[in-house]
Amino acid sequence: MAMANKAINLSSVGSVFPSSVDKLKKKSSNSVQKNSFRVSRIPSVKAVQSPADSATGKWVRQRRPQNVDGDFFVDHTCIDCDTCRWMAPQVFTRVDGMSAVYKQPTCEEDRLKALQALLSCPTSSIRTEVPPPDIIETQKTFPIPIDEKKLPGVYHCGYHSEKSYGATPYLIVHPEGNILIDSPRFTERLAHEIEMLGGVRYMFLTHKDDVADHRKWSKRFGCDRILHSQDVEDCTIDVEIKLEGSGPWSLGEDIMLIHSPGHTEGTVCLLYKSHKILFTGDHLIMREYGLSIMEIYNKSSVPEQVDSVKKLLEFNFTWIIPGHGRRIEFKDVEEKNAILEAFVCEKYAQHSSAMNSHLHV
């Protein structure tokens, strides 16, 4: 299977990391290296115009004019989920609030990544002018190993679901039983490939937003679904394992489930101890501009969500694998803690300022 795009390595790549780290560097020059905290930057592109449908005057699956000329393009149904931009940053970027092709693939690797992004797009908004003859071979590359050397047995499933707002599903191949993290869009072709890797024993649902086709996956593999009781709704009333209380809970010797309320009351993160990975769902994500808790989509309590991020300082991990956006690899636990502490301080300050402004109105 083909290697997925690498995670952001905060000690080695790209452009300046967000303001929370800048503030931290000023406060503690000893704990943060001068060249740390970097993320890659995509060059800006000039929009390329193309005519609208002259027959209907409607933009029905219309190629966005912001795409460059060539085979691959994004149509107007894009929901700006960011999936294609982190899966194939050599091809896709953001223009006028949606994704667009800024450079057509020029080599086999770039073409493969573009096709993987096409298959993963939750709204099927990525298209080609000519049917791709290599699409079947691309389908066989899923699930995609994240990093076969550093994180053996951890895969990106692809096939993001619009029902989960484009959330990223993952698979852990584990000797005590494989774990599917959040729900991909159901397709028998992906199910077959997962079956070849040992199937699924548990389906861990980080929160109520990203359950998508959970029933179809449960029926296909006979797996036990796990969801916190506070996030159970009518569509998930039949999940096999409902977590109660504030945890943490163990799932085998090296899997810990951490209650992280805020985004929703029942949000739970999964800590894969042996690999030092934290799967965060929507609790904490990495956007193009930096760390985010997606306040505008909060369904419970922003202050509580910030408190839950602060709680992550207690745990030993060097990777964040979120439900949306880019994966993060930290140099070590100290760097992880420095970044999270700075982020938490910034959010507390923002919330305090907002509260004070409200009180003085």
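Structure shown above.
A quick note: this is a predicted structure, and the numbers were derived from the prediction, not measured. (Residues numbered from 1 in each chain as written. Predicted model: local features only at pLDDT ≥ 70, side-chain atom pairs only at ≥ 80, totals over all residues. Heavy atoms only, no water.)

> What is the right way to look at the environment of L257 in this model?
Following the sequence through the fold, L257 ends up in strand 16 (residues 255–259). The class for L257 is buried, based on a relative accessible area of 2%. The contact partners of L257, leaving out residues within four places of it in the chain, are F204, I226, L243, P248, W249, V268, C269 and L270. (Helix = DSSP H or I, 4+ residues; strand = E, 2+ residues; numbered from the N terminus. Buried < 20%, exposed > 50% of the residue type's maximum accessible area, 1.4 Å probe, protein only. Contact = heavy atoms within 4.5 Å.)

> Would you explain the environment of V268 in this entry?
Structurally, the position occupied by V268 is in strand 17 (residues 268–272). Classification of V268 by relative accessible area gives buried; the value is 1%. Separated by 25 residues in the primary sequence, V268 and L243 place their C-alpha atoms 9.4 Å from one another. Sequence-distant contacts of V268, defined by excluding residues within four places in its chain, comprise F204, T206, H228, L243, W249, L257, I258, H259 and S260.

> So what exactly am I meant to see when it comes to the packing of aromatic side chains here?
Pairs of aromatic rings are described using the distance from one ring centre to the other and the angle between the two planes. Here the structure, examined in full by the defined rule, presents four aromatic pairs. Aromatic side chains F186 and W217 sit 4.8 Å apart centroid to centroid with 65 degrees between the ring planes, which places their arrangement in the edge-to-face category. In this pair, F186 sits in the loop between strand 11 (179–181) and helix 5 (188–196) while W217 sits in helix 6 (residues 214–221), placing the two residues 31 residues apart along the sequence. Overall, F186 belongs to the partly exposed group, its relative accessible area being 25%. Among the residues examined, W217 registers a relative accessible area of 0% and is labelled buried. (Phe/Tyr/Trp six-rings, centres within 6.5 Å; stacked < 30°, edge-to-face > 60°.)

> Looking at this structure, I do not really get the nonpolar core. What am I missing?
The nonpolar side chains of soluble globular proteins are, as a tendency, buried together. The biggest cluster of nonpolar side chains holds 61 residues, and the ones touching the most others in it are F92, I126, I179, L257, L270 and F279. Sorting elements by how many residues they give to this core places helix 3 (residues 108–120) first, with five residues. For this core, the two domains that each supply at least three residues are domain 1 (61–137) and domain 2 (142–359). Residues in contact with I179, not counting those within four places in the same chain, are Y170, L171, I172, Y202, F204, L251, I255 and L270. Within the second largest apolar cluster, 21 residues are counted, among which are L271, F317, I320 and V344. (Core = buried A, V, L, I, M, F, W, Y, C linked by side-chain atoms within 4.5 Å. Domains from an automatic or database assignment.)

> Hey, could you run me through unusual backbone geometry in this one?
With glycine set apart, most residues show a phi of negative sign, and most peptide bonds adopt trans. With an omega dihedral of -5 degrees, the bond running from F142 to P143 counts as a cis peptide bond. Relative to the elements of secondary structure, P143 occurs in the loop between helix 4 (135–139) and strand 8 (144–147). Geometrically, the link from G247 to P248 is a cis peptide bond, its omega value of 0 degrees lying close to zero. One non-glycine residue, Y159, lies in positive phi territory at about 50 degrees. Residue placement: Y159 occurs in the loop between strand 9 (151–156) and strand 10 (170–172). The class for Y159 is buried, based on a relative accessible area of 5%. Positive phi outside glycine occurs at Y165, with the angle close to 60 degrees. Looking at the element boundaries, Y165 is found in the loop between strand 9 and strand 10.

In short, the description is geometric, and any link to function would need to be established separately.
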